[in-house]
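One-letter residues, chain by chain:
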Amino acid sequence: MDINVAILSEEMSKKGWTISELAAKSNVDKSTISRLLDGRCCSVSTAQKIVKALGISSRKAGLIFFGD
């Protein structure tokens, strides 16, 4: 799965969250969040945790994780 880093970063910025804060709120390792922000892929379960933590719509999640 391709990651749209710009949209993920934008959603983090809207909340004022750092990598550490997103990691804590999503229960995902900081290193995994860092890899995502470098454009690397993740599992569906990791994506779901991040989407839930950010509180974003399924449409926005699709744009971030699937390029819909």
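To keep things clear, this report deals only with the structure shown in the data block. Here the structure is a predicted model, which is why all the values come from computation and not from measurement.

**Some remarks on the packing of helix α1 (residues 5-15) against helix α5 (residues 58-65)**
Helix-helix packing: each pair is described by the crossing angle between the helix axes and the interaxial distance. Closest axis-to-axis distance for the α1/α5 pair is 8 Å, and the angle between their directions is 130 degrees. Here α1 lies oblique to α5, going by the angle between them. Side by side, α1 and α5 meet where I7, L8, E10, E11 and K14 of the first sit next to K60, L63 and I64 of the second. Each residue belonging to the contact of α1 with α5 can be placed in one class, and the counts come to 4 nonpolar, no polar and 4 charged.

**Topic: α5**
Along α5, the residues that are buried comprise A61, G62, I64 and F65. For α5, the angular spread of buried residues about the axis comes to 165 degrees, placing them on one side. In the core, the buried residues of α5 are packed alongside α1 and α4 (44-54). Among the residues trailing α5, G67 stands out with phi positive, at a value near 65 degrees.

**Observations concerning the pattern of salt bridges**
What the rule picks out here adds up to 3 salt bridges. Of the charged contacts in the structure, one is a salt bridge between E10 and K14, with a shortest N-O distance of 3.6 Å. Taken together, the residues E10 and K14, both in helix α1 and 4 residues apart, mark about one turn of the helix. Classification of E10 as partly exposed rests on a relative accessible area of 38%. Using a relative accessible area of 56% as the deciding quantity, one classes K14 as exposed. Between K60 and E11 there is a salt bridge, with the nearest N and O atoms lying 3.3 Å from each other.

Each value, and the rule that gives it
Residues numbered from 1 in each chain as written. Predicted model: local features only at pLDDT ≥ 70, side-chain atom pairs only at ≥ 80, totals over all residues. Heavy atoms only, no water. Axes fitted to C-alpha atoms, helices over the stretch in contact; angles between N-to-C directions. Helix = DSSP H or I, 4+ residues; strand = E, 2+ residues; numbered from the N terminus. Parallel < 35°, antiparallel > 145°, perpendicular 65-115°, else oblique. Contact = heavy atoms within 4.5 Å. Nonpolar A, V, L, I, M, F, W, Y, C, P; charged D, E, K, R; others polar. Buried < 20%, exposed > 50% of the residue type's maximum accessible area, 1.4 Å probe, protein only. Arc of directions from axis to C-beta. Salt bridge = Lys/Arg side-chain N within 4 Å of Asp/Glu carboxyl O.

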